[in-house]
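Architecture and fold: a report
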Amino acid sequence: MRPPLHIPRAWLRGILAGPVCFIAAALVMAGGALWLPEGPAKIDNMVLPIVLFPVIWAALFFYLMLDHRLGRAWLVALLLVAGHAGMIARHLLATPAAAGQGSGHDATGAAP
Amino acid sequence: MIALSQTRTKELLAIHGWSAVGLGLLLYAVILTGVVSVFASEIGTWSAPLPAPASAALPERGLDAALKRLAAEVPAEFHEDTFFFPDTAGRIRSFFHKHDQRAGEAQPMDRGVEFDLDPATLAVLDRREGWSDEIRARNLPSALADFFVELHVSLHLPDPWGLLLTGVLGLAMLLAAVTGFLVHRHLIRELFTLRRHREPLLVQRDAHVIAGTWNLPFAFVLAFTGSFFSFAGSFGIPAIAMVAFGGDQQKMIETVVGTPAKEDATPAPFADFDAMLADARHRAGGDAGFVSIDHYGRADALVTVSMFAPDGKLNGATYTYNGATGAFIQQKPTFGLVPSLGNDLFSLMAPLHFGNFAGLWSKAVWFALGFAGAYVTLTGLLLWTTRRAAEPAWQPLARATGWVGYGLPLALAAVPVARFLAPPLGLDLHAAQNTGFIAGVAVATLLAWRLRDADRLRRSLLGITGVLMVLTPMLRGWSGGPGWITAAGQGLITVIAVDIAVLLAGLLCLRSATRPPAATPAAEAVATTTAEGAQTA
């Protein structure tokens, strides 16, 4: 007999690997502009997250789908979402004028 | 190949199946239209040929005079940004424009004057003025090729929704490719296993696995690069621009491409454009494919020349020149002013997705592998529904698979028919193409609704597709296109080659439509079960 939590777990897994995974990957991509190294051309922090977005999403999807400990998978996803959302919000709120100046490194003064 | 527990393999197999079942039919549409789009330039040349074959490169002489003649004709505000490139229909396209804010739009759009130039004489063939989307809607020579490309890129849905959808489809394909690789227990053996004389479903499964296994690396590359292209424009660039530039996408693009020089609006004559192109050709040892001119007629005019990839390389060089003096400034990467990992990775995306790095040969390989991808998607769906043929809940998907699988080629074949019917009948060309496609979809839908037997549906749809394709070269001639003798005399080999390809494809469709159903086992199994299901119902 299936456990009574079978359907809710399936839904929780689906929500986690579907919309939550996409939002987390999008925030990692956008937030990557703030913490990735600029590289010699000072563009890597902006170009690499966009180019690698499909890989970021796929890696996250497989982890969130295949980790047998659902609670841990949710925790990892929420930490990624909260960490990057907070980083972006802090950057935008702290330096609204400087946001138009260039990369996140320039605007914040230092990489987080 | 990779040791996985039984539970893990089952999970991956479930992801593999569901990623395809959930979005498989749309994915099939994107792959099939992508296969057609590989030959966009050949389709453009075929549908609107010039009197003589056009080179894929910019002409070596005469562009300087053409540039100055056209620049004198357009309003000075459109000198802000100009480009020249050979388009899919073989014309030299030039667009003098500015980045302007259109009422109701969130981001600036391009507004200006676009010219089609004859590549041999550089005479103006067409002039279009307005916003970029209005100009695109009035471009007739590239209309057919653009229809297929737009269908592939965004399914003709408005921005950004079409791009977001095709991006998600790319991610689904990425999942199917990765899980398809991981669940193979005997990867090498499955590359060559086809049990021809076993039951039909097993033969069909083997064919699916063989095509899918050979296609795995290519499917991964296409899915990755395709979802990159879809998401970059619709959501990646806006998101990064929001974080790093307060939402100013233009500023972000300028910064990523290379920090622009200090502005100097002092009027200054433009240097010899032909000499700059000759210097670029000399440096690269190849032809120029795209030229951009910032601030024509000013002291800070900047010319950026992008070269075609030389033999043995995936990308060509990019050179910059001072437009006012003609002096060479530097060879620069596409992004940034010095080499970087970001630029190197980005530079791989286009050649790997479009397969245009080695001319016709690489395009033919990309076409074949893309076609195999469409086959794998369709047979995967047929297998999935056949295995669940006893479950009534899966019958709608089984019928939808036949409808889309064979109805989409019919709708695509109707587009050139409508395109060639439009000029003699005095119809708007773009509207006729759209109507042709919709009519094809309507016919396929009607047949799918009326015909319960899946094999009859398949044969009917393939039969109509075949007839349309066989008629297409004749309609091209009727609409004013050159016949084979004239085309051969003018050296328009592409016109004859595409005619023959379309004819052969049409004959293959007709042959398949008249072939006994036993030759398509999965379809037969679906047909049987569907018919049984219908009778039961």
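Only a predicted model underlies this, so the values are computations on that prediction, with no experimental measurement involved.

All names here are of chain B. For helix α5 (residues 143-154), with 12 residues, the first-to-last C-alpha span of 16 Å sits near the 16 Å given by 1.5 Å per residue. Those residues of α5 that sit buried are A143, L144, A145, F147, F148, L151, H152 and S154. In this structure, the buried side of α5 is in contact with α1 (6-37), α2 (40-47), α6 (161-182), α11 (341-354), α13 (395-425) and α14 (429-450). Count one or two residues on from α5 and you reach L155, which has phi positive near 55 degrees.

We now examine unusual backbone geometry. Here the bond from D159(B) into P160(B) is cis, since omega is -5 degrees, no more than 30 degrees from zero. Examined against the element boundaries, P160(B) turns out to sit in the loop between α5 and α6. Despite not being glycine, K42(A) shows a phi value in the positive range, around 60 degrees. One can find K42(A) in the loop between α1 (6-35) and α2 (44-51). On the basis of relative accessible area, K42(A) is assigned to the exposed category, the value being 53%.

This part is about the nonpolar core. Ranked by size, the top nonpolar core spans 120 residues in total, and within it W57(A), F61(A), W46(B), M252(B) and F437(B) carry the most contacts. The element contributing the most residues to this core is helix α8 (residues 200-245) of chain B, with 16 residues. Two domains each provide a minimum of three residues to this core, namely domain 1 (1-47 + 141-255 + 341-387) and domain 3 (403-537) of chain B. Once residues within four sequence positions are removed from consideration, M252(B) is found in contact with M46(A), I50(A), I237(B), I240(B), A241(B) and F245(B). Counting residues in hydrophobic clusters, the runner-up holds 32 residues, among them V113(B), F270(B), A301(B) and M307(B).

All names here are of chain B. Strands sit in the order β4-β3-β2-β1-β5-β6-β7-β8 across an open sheet of eight strands; the sheet is antiparallel. The open sheet has two edge strands with one neighbour each: β4 (124-131) and β8 (328-332). Neighbour-to-neighbour, the strand axes of this sheet turn through a mean angle of 15 degrees, independent of strand direction. Looking at chain direction, strand β6 (residues 302-307) and strand β7 (residues 318-322) are connected through five bridges and run antiparallel.

Below, the discussion takes up the packing of aromatic side chains. All names here are of chain B. Per the stated rule, a full pass over the model turns up 30 aromatic pairs over all chains. Relative to F85, the ring of F83 has its centre 5.8 Å away and its plane inclined at 50 degrees; by these criteria the two rings are tilted. When sorted by exposure, F83 lands in the same class as F85, which is buried. Ring geometry for F84 against F273: centres 5.7 Å apart, planes inclined by 50 degrees, an arrangement best described as tilted. You can see F84 sitting in strand β1 (residues 81-86) and its partner F273 sitting in helix α10 (residues 273-284), a full 189 residues away along the chain.

With that settled, the discussion passes to a nonpolar patch on the surface. Where nonpolar side chains cluster on the molecular surface, the patch consists of W484(B), I500(B), L504(B) and L507(B) and spans about 380 Å² of accessible area. Summarising the element assignment, I500(B) is placed in helix α17 (residues 493-514).

As a further point, take the pairing of β7(B). Residue and element names in this part refer to chain B. With four of five residues buried, β7 is to be regarded as a mostly interior element. Alignment of β7 against β8, held across four bridges, turns out to be antiparallel. Its bridge partner being in β8, Y319 is matched across the sheet by Q331. Taken together, β7 and the strand that follows it, β8, pair antiparallel across an intervening segment of five residues, in which G326 is found at a positive phi of about 80 degrees.

As a further point, take the packing of α2(B) against α17(B). All names here are of chain B. It is at 9 Å that the axes of α2 and α17 come closest, and there the two elements cross at 105 degrees. What the angle tells us is that α2 and α17 run roughly perpendicular. Across the interface between the two elements, E42, T45 and W46 from α2 touch T494, V495, V498, D499 and V502 from α17. Class assignment of the residues belonging to the contact of α2 with α17 gives a composition of four nonpolar, two polar and two charged.

Here the focus is the pattern of salt bridges. Residue and element names in this part refer to chain B. Per the counting criterion, the structure on display carries 21 salt bridges over all chains. With its nearest N and O atoms 2.9 Å apart, the salt bridge here joins K68 to D64. Of the two residues, K68 and D64 are both situated in helix α3 (residues 63-73); the distance of four residues between them amounts to about one turn of the helix. Overall, K68 belongs to the partly exposed group, its relative accessible area being 29%. Measuring nitrogen to oxygen at the nearest pair gives 2.9 Å for the salt bridge that ties D116 to R128. Here D116 is found in strand β3 (residues 109-117), whereas its partner R128 is found in strand β4, with 12 residues between them in sequence. Residue R128 is classed as buried on the basis of its relative accessible area of 1%. Several salt bridges share partner residues, and in doing so they unite E77, K98, D100 and R111 into one network.

Two numbers describe how α2(A) lies on α8(B): the axes approach to 8 Å, and their chain directions differ by 140 degrees. α8(B) is crossed by α2(A), and the crossing has right-handed handedness. On α8(B), the residues touching M46(A), P49(A), I50(A) and V51(A) of α2(A) are F224(B), F228(B), A232(B), G236(B), I237(B), I240(B), A244(B) and F245(B). Its residues placed into classes, the contact of α2(A) with α8(B) shows 11 nonpolar, one polar and no charged.

Right, let's talk about the interface of chain B and chain A for a bit. Contact residues are listed per partner, giving 39 residues for chain B and 36 residues for chain A. Each partner contributes to the roughly 3000 Å² buried at the junction of chain B and chain A, and carbon and sulfur atoms together form 85% of this total. Our count for the chain B to chain A interface comes out at zero salt bridges. Only α1, α6, α8, α9 (249-257) and α11 of chain B provide two or more residues apiece to the side of chain B that touches chain A. Counting residues per element, the side of chain B that touches chain A draws most heavily on α8(B), at 14 residues.

All names here are of chain B. As far as domains go, chain B holds domain 1 (1-47 + 141-255 + 341-387), domain 2 (54-135 + 259-334) and domain 3 (403-537). Between domain 1 and domain 2 lies a buried interface of about 1300 Å² when both sides are counted; carbon and sulfur atoms form 53% of it. Where domain 1 meets domain 2, there are zero salt bridges. Of all the secondary-structure elements, those providing two or more residues to the side of domain 1 that touches domain 2 are α2, α5, α9 and α11.

All names here are of chain B. In this model, the second largest pocket occupies a volume close to 1800 Å³. Lining the second largest pocket are 49 residues; nearest its centre among them are L32, F367, F371, A505 and C509. Each residue belonging to the lining of the second largest pocket can be placed in one class, and the counts come to 37 nonpolar, eight polar and four charged.

Scoring rules and cut-offs
- Residues numbered from 1 in each chain as written.
- Chains lettered and ligands numbered in written order.
- Predicted model: local features only at pLDDT ≥ 70, side-chain atom pairs only at ≥ 80, totals over all residues.
- Heavy atoms only, no water.
- Helix = DSSP H or I, 4+ residues; strand = E, 2+ residues; numbered from the N terminus.
- Expected span 1.5 Å × (residues − 1).
- Buried < 20%, exposed > 50% of the residue type's maximum accessible area, 1.4 Å probe, protein only.
- Contact = heavy atoms within 4.5 Å.
- Core = buried A, V, L, I, M, F, W, Y, C linked by side-chain atoms within 4.5 Å.
- Domains from an automatic or database assignment.
- Pairing = 2+ DSSP bridges.
- Axes fitted to C-alpha atoms, helices over the stretch in contact; angles between N-to-C directions.
- Phe/Tyr/Trp six-rings, centres within 6.5 Å; stacked < 30°, edge-to-face > 60°.
- Patch = residues over 30% accessible without salt bridge, like charges linked within 9 Å, V, L, I, M, F, W, Y side chains within 5 Å.
- Areas by Shrake-Rupley, 256 points an atom, 1.4 Å probe, with all protein chains shown as cover.
- Salt bridge = Lys/Arg side-chain N within 4 Å of Asp/Glu carboxyl O.
- Parallel < 35°, antiparallel > 145°, perpendicular 65-115°, else oblique.
- Nonpolar A, V, L, I, M, F, W, Y, C, P; charged D, E, K, R; others polar.
- Left-handed = near helix turned anticlockwise from the far one by under 90°.
- Buried area = accessible area lost by both parts, 1.4 Å probe.
- 1 Å grid on protein atoms, 1.4 Å probe; cavity = no way out; pocket = protein on both sides within 12 Å on 5 of 7 lines; lining within 4 Å.
- Points joined across faces, edges and corners; volume = space filled by probe spheres on them.

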